[in-house]
Amino acid sequence: MVNIDMEFFSGYKRLDNTLKDMYGTGGVSRYIELLEQNSGNPVILKNWEFYRQLKHLRWVRNQIAHSNESDSFTTDEDMESLERIYKSFLDRDDPMCLLKAEEERKLRRTDTRLYISKHRQSSSADDGKNNFLAFAAIFLFLIISFLVLISITS
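Nothing here was measured: the structure is a model prediction, and the numbers come from that model. (Residues numbered from 1 in each chain as written. Predicted model: local features only at pLDDT ≥ 70, side-chain atom pairs only at ≥ 80, totals over all residues. Heavy atoms only, no water.)

## Topic: the nonpolar core
Alright, step 1. One finds F8, L15, Y31 and L54 to be the most contacted residues of the largest nonpolar core, which totals 24 residues.
Alright, step 2. Those elements giving two or more residues to this core turn out to be α1 (3-23), α2 (27-37), α3 (42-46), α4 (48-66), α5 (76-90) and α6 (95-153).
Alright, step 3. In terms of residues, this core owes the most to one element, α4, which gives 6 residues.
Alright, step 4. Not counting residues within four places of it along the chain, the set of residues in contact with L15 comprises V28, L54, L82, I85, Y86 and F89. (Core = buried A, V, L, I, M, F, W, Y, C linked by side-chain atoms within 4.5 Å. Buried < 20%, exposed > 50% of the residue type's maximum accessible area, 1.4 Å probe, protein only. Helix = DSSP H or I, 4+ residues; strand = E, 2+ residues; numbered from the N terminus. Contact = heavy atoms within 4.5 Å.)

## Quick look at a nonpolar patch on the surface
Alright, step 1. On the surface, a nonpolar cluster with roughly 620 Å² of combined accessible area is contributed by F135, F139, I143, F146, L147 and I150.
Alright, step 2. Note that F135 resides in helix α6. (Patch = residues over 30% accessible without salt bridge, like charges linked within 9 Å, V, L, I, M, F, W, Y side chains within 5 Å. Areas by Shrake-Rupley, 256 points an atom, 1.4 Å probe, with all protein chains shown as cover. Salt bridge = Lys/Arg side-chain N within 4 Å of Asp/Glu carboxyl O.)

## With respect to the pattern of salt bridges
Alright, step 1. Scanning all chains against the criterion turns up 8 salt bridges.
Alright, step 2. Between R14 and E83 there is a salt bridge, with the nearest N and O atoms lying 2.8 Å from each other. Of this pair, R14 sits in helix α1 while E83 is found in helix α5, placing the two residues 69 residues apart along the sequence.
Alright, step 3. According to the relative accessible area criterion, R14 is partly exposed, its value standing at 34%.
Alright, step 4. A relative accessible area of 39% places E83 in the partly exposed class.
Alright, step 5. In this structure, R105 engages E102 in a salt bridge whose closest nitrogen and oxygen atoms are separated by 2.8 Å.

## Comments concerning α1
Alright, step 1. Given a rise of 1.5 Å per residue, 21 residues ought to cover 30 Å, and the 30 Å separating the end C-alpha atoms of α1 matches this to within 8%.
Alright, step 2. Taken together, the buried positions of α1 are occupied by D5, F8, G11, Y12, L15, D16, T18 and L19. Within α1, the buried residues cover an arc of 160° as seen down the axis, which keeps them to one side. Pointing more than 90 degrees away from the buried face of α1 are the exposed residues N3, K13 and D21.
Alright, step 3. The secondary structure elements touched by the buried residues of α1 are α2, α4 and α5.
Alright, step 4. One or two steps after α1, the chain reaches G24, where phi turns positive at roughly 90°. (Expected span 1.5 Å × (residues − 1). Arc of directions from axis to C-beta.)

## Re the packing of aromatic side chains
Alright, step 1. Tallying each qualifying case throughout the model produces 7 aromatic pairs.
Alright, step 2. Relative to F89, the ring of Y31 lies with its centre 4.8 Å away and its plane at 80°, an arrangement referred to as edge-to-face. Taken together, the residues span a long stretch of sequence, with Y31 in helix α2 and F89 in helix α5 at a distance of 58 residues.
Alright, step 3. Look at Y31 and you get buried, because its relative accessible area is 0%.
Alright, step 4. A ring pair is formed by F135 and F139, whose centres lie 6.4 Å apart and whose planes are at 15°; its orientation type is stacked. With F135 and F139 both in helix α6, this residue pair falls 4 residues apart, about one helical turn.
Alright, step 5. Judged by relative accessible area, F135 falls into the exposed class, the value being 56%.
Alright, step 6. In this structure an aromatic cluster arises from ring pairing among Y23, Y31, F50 and F89. (Phe/Tyr/Trp six-rings, centres within 6.5 Å; stacked < 30°, edge-to-face > 60°.)

Following this line, the structure appears as structure tokens:
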């Protein structure tokens, strides 16, 4: 194995272990499956190049692991791509994290709309109670005033 291949293999293993910690058994392969399962989502489609690069890096890793050749499989671009992808996971800037963040934003918007809607409903119900109490107070005041007026004139 050539030195750059050993360096790549070590970096790939670090990435794979990180993904195992984040997404469970399977590491890089599991992450690729998740991207494929969500391939129709606009967030994933927008980041499809990430998927292609990750698949390529897994291919390079497999070539290194299963080859008997002494030629190098890793290019400088592969090393740069591996570091860039690893950094995106650390920065939580990978497609699945972006998808999760988008889903959470949608959920918060929905929760906010539900809260506002419920608040308006309870507010209108409270307004009805307040209107009834005001009407009852005025009506009671009028009855007392009328009784006082009758008792003064008698």
